[in-house]
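If you want the building blocks of each chain, they are given just below.
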Amino acid sequence: MSCSVAIGTQWGDEGKAKMIDYFTKDADIVVRYQGGANAGHTVVVNGKKYVFHLVPSGILHKDKHCVVGNGLVLDPVQLMEEVESLELEGLDAKKRLFISDAVHLILPYHKALDAAMEEFRSQKIGTTNRGIGPCYADKCLRTGIRAGDIFNEDTLKERVASALKMKNLELEKVYNKPPFTLEEIMDILTVFRKKAGKMIINTQNYLHQSLKENKKILLEGAQGYALDIDHGTYPYVTSSNPTIGGALLGTGLNSFHINEVIGIAKAYVTRVGEGPFPTEDTGDDGDRLRVNGKEFGSTTGRPRRCGWFDVELLKQSARINGLTSISLTKLDVLTGFGKIKVAVGYEKKGKKIDYFPSAELGTIKPVYEELDGWEEDIDRVMNYEDLPSAARDYIDFLEKAVGVKITVVSVGPGRESTFLRG
Ligand code: IMP
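Residues numbered from 1 in each chain as written. Predicted model: local features only at pLDDT ≥ 70, side-chain atom pairs only at ≥ 80, totals over all residues. Heavy atoms only, no water.

**Remarks on the state of the cysteines**
Tallying each qualifying case throughout the model produces 0 disulfides. Free of any disulfide, Cys66 has its nearest cysteine sulfur in Cys3, 14 Å distant. The class of Cys66 is buried, set by a relative accessible area of 0%. (Disulfide = S-S within 2.5 Å. Buried < 20%, exposed > 50% of the residue type's maximum accessible area, 1.4 Å probe, protein only.)

**So, the packing of aromatic side chains**
Scanning the model with the defined rule gives 10 aromatic pairs in all. In this structure, Lys25 is placed above the aromatic ring of Tyr22, and the distance from its NZ or CZ to the ring centre is 3.9 Å. (Phe/Tyr/Trp six-rings, centres within 6.5 Å; stacked < 30°, edge-to-face > 60°. Lys NZ or Arg CZ within 6 Å of the ring centre and 35° of its normal.)

**Observations concerning unusual backbone geometry**
Cis rather than trans, the peptide bond between Tyr234 and Pro235 has omega equal to 5°. Following the sequence through the fold, Pro235 ends up in the loop between strand S10 (217–220) and helix H9 (244–249). Positive phi is not limited to glycine here, since Asp13 has a value of about 60°. As for its placement among the helices and strands, Asp13 is situated in the loop between strand S1 (3–8) and helix H1 (16–23). Although it is not a glycine, Gln223 sits at a positive phi angle of roughly 55°. Structurally, Gln223 can be placed in the loop between S10 and H9. (Helix = DSSP H or I, 4+ residues; strand = E, 2+ residues; numbered from the N terminus.)

**Description of the sheet that holds S10**
Judged by pairing direction, the sheet is mixed, and its 10 strands sit side by side in the order S9-S7-S5-S2-S10-S1-S11-S15-S19-S20 without closing on themselves. The open sheet terminates on both sides in strands that have one partner only, identified here as strand S9 (200–201) and strand S20 (418–420). Inspection of the sheet shows S1 paired to strand S11 (residues 258–266) by 6 bridges, in the parallel sense. Opposite Ala6, over in S11, you have Ile262 as the bridge partner. Across the sheet, H1 is in contact with S1, strand S2 (29–32), S10, S11, strand S15 (325–329), strand S19 (406–410) and S20; its angle to S19 comes to roughly 115°. (Pairing = 2+ DSSP bridges. Contact = heavy atoms within 4.5 Å. Axes fitted to C-alpha atoms, helices over the stretch in contact; angles between N-to-C directions.)

**A look at the nonpolar core**
Counting 56 residues, the largest nonpolar core has Leu74, Leu79, Leu97, Ile99, Leu105, Tyr109 and Phe192 as its most contacted members. Formed jointly, this core draws a minimum of three residues from each of two domains, domain 1 (2–101 + 207–261) and domain 2 (104–195). When near neighbours in sequence (up to four residues on either side) are disregarded, Leu74 contacts Leu54, Val68, Leu79, Ile99, Val103, His104, Leu105, Ile106 and Phe192. (Core = buried A, V, L, I, M, F, W, Y, C linked by side-chain atoms within 4.5 Å. Domains from an automatic or database assignment.)

**A look at the site of the ligand**
Around the ligand sit 15 residues in total, of which Asp13, Asn38, Thr128, Thr238 and Arg302 are the nearest. The backbone of Val272 places a nitrogen or oxygen atom 3.1 Å from an oxygen atom of the ligand. One of the side-chain nitrogen or oxygen atoms of Arg302 is found 3.0 Å away from an oxygen atom of the ligand. When the free accessible area of the ligand is taken as 470 Å², the share hidden by the protein chains comes to 96%. Across the shell around the ligand, the residue classes break down as 6 nonpolar, 7 polar and 2 charged. (Near = heavy atom within 4 Å. Polar contact = N/O pair within 3.5 Å; in protein donor to acceptor, adjacent residues only side chain to side chain. Areas by Shrake-Rupley, 256 points an atom, 1.4 Å probe, with all protein chains shown as cover. Nonpolar A, V, L, I, M, F, W, Y, C, P; charged D, E, K, R; others polar.)

**Side note on the packing of helix H6 (residues 153–174) against helix H7 (residues 182–196)**
The interhelical angle for the contact between H6 and H7, taken along N-to-C directions, is 140°, at an axis separation of 10 Å. Considering the angle they form, H6 stands oblique to H7. Along this stretch, H6 crosses H7, giving a crossing that reads as right-handed. Taken together, the residues of H7 that come into contact with H6 (itself represented by Glu153, Leu156, Lys157, Val160, Ala161 and Leu164) are Leu182, Ile185, Met186, Leu189 and Arg193. Each residue belonging to the contact of H6 with H7 can be placed in one class, and the counts come to 8 nonpolar, no polar and 3 charged. (Parallel < 35°, antiparallel > 145°, perpendicular 65-115°, else oblique. Left-handed = near helix turned anticlockwise from the far one by under 90°.)

**Here we look at the domain arrangement of the protein**
Per the domain assignment, the segments of the protein are domain 1 (2–101 + 207–261), domain 2 (104–195) and domain 3 (265–420). In this structure, domain 1 and domain 3 have C-alpha centres spaced 23 Å apart. Each partner contributes residues to the interface: domain 1 has 36 residues there, and domain 3 has 40 residues. Roughly 3000 Å² is buried in total at the junction of domain 1 and domain 3, and carbon and sulfur atoms are behind 57% of that figure. Across the domain 1-domain 3 interface, the total number found is 2 salt bridges. A salt bridge links Asp21 to Arg415, with the shortest nitrogen-to-oxygen separation between them at 2.5 Å. For the pair domain 1 and domain 3, the interface holds 17 residue pairs in polar contact (both at pLDDT 80 or more). Put simply, the parts of the chain that give the side of domain 1 that touches domain 3 at least two residues each are S1, H1, strand S3 (41–45) and S11. Of all the elements, H1 adds the most residues to the side of domain 1 that touches domain 3, at 5 residues. (Buried area = accessible area lost by both parts, 1.4 Å probe. Salt bridge = Lys/Arg side-chain N within 4 Å of Asp/Glu carboxyl O.)

The structure is reproduced here in structure tokens:
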């Protein structure tokens, strides 16, 4: 069996897309397993920037197949826009992308409810307003519409009408928002059937069959450990499981198939949206990380909150996910900081805490160690040995503190700025 999983270890935006693009060379099939168009995955190839929200970034490799797994919530309009713009670029995305027939579809009422609920919340979550939470809620309520439903027009119409009755009531009576008509929803689904019908298959069977044929599979996580609905900083989380359990549920593969779990970690930490963030730096250093790291959301354009590497966060992520290695990204952004802070633990009311407390995060204080920085530009470095010694010491320090081998280092957005650590 050969199945690797790449998982975000912090609050998302760890540079997963770039690393997944790097690991795709060793895979035959790349699979997204959770989330939806709340993710924004940026890849730079030959100086050209691609931003994906739904299509796995593996699609840029012409000989690879890609899968939207059953664990996602899929906006059919957004997906087809991405597919069509790839086709315009000469990439045969329609032939190489498969969509699970069990994936739940995000419809306009999900997006309207996402925005309306956020407006009414006294404690904002800062959602991306892509309809993610309401669509996952419908999945649990068993009122969702799945991709496989679009093939039988009569039952589809019945299901949509029944869901719409409830959604319109909620929109109008609870949130004082305009309702949707059955026709407008059915139009979207009809267009989706015509354009994407051939891409919709039983992806669970396809993946199992592919493993029998010795194909190599790479599972691509979206968001990150601390945004996980079960393990993250609830309620400031997304509505799915970016962690390892989500990779199994969202594809139909089982734990015996997985032989590698790669944690993607940024060399510092960012968070977008609301919620606790112990190592956040709201001063000049935080601003400098944001500017140097171009830390603005690729889905919403919001400035990301920035801060220092948090060892306990990574240790917890390593435990929950069973990380077998770490790929460290955006090391180049730390160039020019005289001293680099690393949080090696926390303190609460004068007592040391050596775990990542998902519930009491607002009340703890990080304990920092300061490491020497480096001045040399490293974004053109092609070998680990050519990094300044302070940069290598920084990596050694993180690896020892977290207890998981850092095997890959990235120093820039392009494919070429990635190297193995000897
Ligand atoms: P939702 O997933 O749109 O409901 O947003 C819930 C929370 O997760 C918000 O704080 C978002 O900013 C955050 N979030 C969702 N997707 C991403 C992502 O891909 N990267 C970083 N943060 C995200």
